[in-house]
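Per-entry structural report
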Amino acid sequence: MARRAAQDIPEGSYVNLGIGLPTMISDFLPKDREIILHTENGMLGMGPAAVGDQIDPDLINAGKIPVTELPGAAYFHHADSFAMMRGGHLDICVLGAFQVSTTGDLANWHTGKPDAIPAVGGAMDLAIGAKQVFVIMELFTRDGTCKLVQECSYPVTGIGCVNAVYTDYAVFRIADGQIAVQEIFGNTTVEELEQLTGLRLRSTAEPLGTVAAPTPG
Amino acid sequence: MISKIVASAAAAVADIRDGSTVMIGGFGSAGQPIELIDALLEQGAKDLTVVNNNAGNGTTGLAALLQAGQVRKIICSFPRQVDSQVFDGLYRAGKLELELVPQGTLAERIRAGGAGIAGFFTPTGFGTMLVKGKETRRINGRDYVLEQALSADYALIKAHRGDRLGNLVYRKTARNFGPLMAGAASVAIAQVSDIVEAGQLDPESVVTPGIYVQRVVKVAGRAAPSTQGQ
């Protein structure tokens, strides 16, 4: 999933990779493309994780893991960092999810359990900020429940904000509140996917990358 | 001659009173003004409202301040972490009030607090449970939520170098909330690793101009423990 999503990140993109699974994408970014990584805690030009003597407690990523800086990196304060998101300057943001709805609603910050301690971090800002939001997630939970849903049952992070979903079964694209299957892995058909997910799906050959930037606020 | 330099962390926080709102810089441990927090712990002011991105890691710094029962309310974006056991316990026991704010909204509310902006419309959080009851408005076809500025009595921040005028530069991602909180507090207290003569910081590179800073204190500095989780 991470490998497939990485292929859809074009040369010259400014990209934010969310915590967890999305972080893995950095390992799969094509070496011949210059892609600039943003981290919400105030840096563009983030390099790989720091090891050994490179570890510096003042240089960490959003997951608070020590990282490195690449030539051309820049540091800035938190309000600037989130202005880059909210202002639609980031090209792509890649996030994990509990659920994504067929109209692009995202649920990834709260399980909704009454005893859960809520923590949102930058999730809501990321969800609505980038020009395109990619989600990478397994299509089903461990108990077999589909995570692509008609309507999110978990508390939402953002409304209609997801543009593409990279799963272990297929790549889905969401545009104008409609979901379509862009690519299926293996021999599964769209009809079989409809049966597995219980959703009405259609296929598309439309390429990614045609979504308009959010209106600057 | 102006000199904002204070002899010790203890002297820098001595007048913080019970019931104060205190912004504390840092993203996890990066930029956390640990010596100033320790001094506040020692000083004992209680019933505090604390503004921070997180809610303490491990048992030191902000976590120790919570453990000591000095904090009534915390305004933050990401309290739950692998090592936030102190916060978790107090929150579950109902001993700590939490105002949870999306991280970018938190940063912008603090920036607004220092910039004389009472509130702003942001798209972040629209349609989510975090903004229930807040005023919304559709502007040019997009939905926004009204968020209000945050200001404070004190800010405790960590910078890399400072001078007697309060000019500050930071180090790497330890900058995070520091410049914003300096502007939003009546009294901004910066701990620095190094105090230099006025004129030694390149004016083109000053990140926080001294007008925002009331006190500068040099601390010996120690490596912050690394923690994980957003």
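Preceding this paragraph is the structure being described.
The text that follows walks through the structure, step by step, so that each part is easy to find. Nothing here was measured: the structure is a model prediction, and the numbers come from that model. (Residues numbered from 1 in each chain as written. Chains lettered and ligands numbered in written order. Predicted model: local features only at pLDDT ≥ 70, side-chain atom pairs only at ≥ 80, totals over all residues.)

This brings us to the overall build of chain B. Helix and strand counts for chain B stand at six helices and 14 strands. Relative to the compact-globule value of 17 Å for 230 residues, chain B shows a C-alpha radius of gyration of 18 Å, a close match. Structurally, chain B occupies a C-alpha span of about 50 × 45 × 30 Å along its principal axes. Buried positions account for 54% of the 230 residues belonging to chain B. Contacts in chain B between residues at least 24 apart in sequence constitute 76% of all its contacts with a sequence separation of at least 6. (Helix = DSSP H or I, 4+ residues; strand = E, 2+ residues; numbered from the N terminus. Rg over C-alpha atoms; globule rule 2.2 N^0.38 Å. Buried ≥ 20, exposed ≤ 12 C-beta atoms within 10 Å, placed from the backbone. Contact = placed C-beta atoms within 7 Å.)

This paragraph deals with the overall build of chain A. Counting its regular elements, chain A contains four helices and twelve strands. Relative to the compact-globule value of 17 Å for 217 residues, chain A shows a C-alpha radius of gyration of 17 Å, a close match. Principal-axis analysis of the C-alpha atoms places the extent of chain A at approximately 50 × 45 × 40 Å. A separation threshold of at least 6 residues defines the contact pool for chain A, and within that pool the share at least 24 residues apart is 60%.

Moving on to the interface of chain A and chain B. Contacts between the two partners involve 37 residues from chain A and, on the opposite side, 47 residues from chain B. Those elements that place two or more of their residues in the side of chain A that touches chain B are helix 2 (78-86) and helix 3 (123-129) of chain A. It is helix 2 of chain A that provides the largest number of residues to the side of chain A that touches chain B, a total of five residues. For the side of chain A that touches chain B, the class distribution of residues is 21 nonpolar, ten polar and six charged. (Nonpolar A, V, L, I, M, F, W, Y, C, P; charged D, E, K, R; others polar.)

Residue and element names in this part refer to chain B. If you trace the backbone, V213 turns up in the loop between strand 13 (194-196) and strand 14 (215-218). Note: C-alpha distance between V213 and I157 (56 residues apart in sequence) is 10.0 Å. Residue contacts for V213: discarding those within four places in its chain leaves K4, G166, L168, A182, A188, A190 and T208.

A few words on the sheet that holds strand 9 (residues 148-149) of chain A. Here we have three strands laid out as an open sheet, ordered 7-6-9 (chain A), and mixed in their pairing. Lying at the two open borders of the sheet, with one neighbouring strand each, are strand 7 (106-107) and strand 9 of chain A. (Pairing = 2+ DSSP bridges.)

So, about the sheet that holds strand 6 (residues 119-122) of chain B. Residue and element names in this part refer to chain B. Pairing in this open sheet of three strands is antiparallel, and the strands run 6-8-7 from one edge to the other. Two strands in the sheet have a free side with no partner beyond their single neighbour: strand 6 and strand 7 (136-139). Mean inter-strand twist for the sheet, computed between neighbouring axes without regard to direction, equals 35°. Across four bridges, strand 7 lies against strand 8 (residues 142-148) in antiparallel orientation. Within the sheet, the bridge partner assigned to R137 lies in strand 8 and is Y144. Along the sheet, helix 5 (residues 103-115) makes contact with strand 6 and strand 8, crossing strand 6 at roughly 150°. (Axes fitted to C-alpha atoms, helices over the stretch in contact; angles between N-to-C directions.)

Residue and element names in this part refer to chain A. Most of strand 11 (residues 170-175) sits out of view: five of its six residues are buried. Pairing analysis gives three bridges linking strand 10 (residues 164-166) to strand 11, with the strands arranged antiparallel. Residue pairing for strand 11: A164 is matched across the bridge by R173. Between strand 10 and the antiparallel strand that follows it, strand 11, lie three residues. As paired elements, strand 11 and strand 12 (residues 178-184) share six bridges and run antiparallel to each other. The residue bridging A170 from the neighbouring strand is I184, located in strand 12.

If you look at the biggest cluster of nonpolar residues, it comprises 128 residues, and the most contacted ones within it are V135 of chain A together with M23, A155, M181, A188, I189 and A190 of chain B. Those residues in contact with A155 of chain B that lie beyond four places of it in its chain are M23, M181, A182, A184, A185, A188 and I189 of chain B. (Core = buried A, V, L, I, M, F, W, Y, C linked by C-beta atoms within 7 Å.)

All names here are of chain B. Along the chain, the position of G166 falls in the loop between strand 10 (161-163) and strand 11 (168-169). A sequence separation of 44 residues divides G166 from G210, and the C-alpha atoms of the two residues are 3.9 Å apart. Not counting chain neighbours up to four residues away, the residues in contact with G166 comprise K4, G210, V213 and V216.

Excluding glycine, a negative phi dihedral is what most residues carry, and trans is how most peptide bonds are arranged. One non-glycine residue with positive phi stands out, namely D176 of chain A, at about 50°. On the secondary structure map, D176 of chain A appears in the loop between strand 11 and strand 12. Unlike most non-glycine residues, D47 of chain B shows phi in positive territory, near 60°. Within the secondary structure layout, D47 of chain B lies in the loop between helix 2 (34-43) and strand 3 (48-51). Judged by local crowding, D47 of chain B falls into the partly exposed class, with 13 C-beta atoms found within 10 Å.

Let us look at the environment of I36 of chain A. All names here are of chain A. Checked against the element boundaries, I36 lands in strand 2 (residues 36-39). Since 17 C-beta atoms lie within 10 Å of it, I36 is described here as partly exposed. With 35 residues separating them along the chain, I36 and M1 place their C-alpha atoms 20 Å apart.

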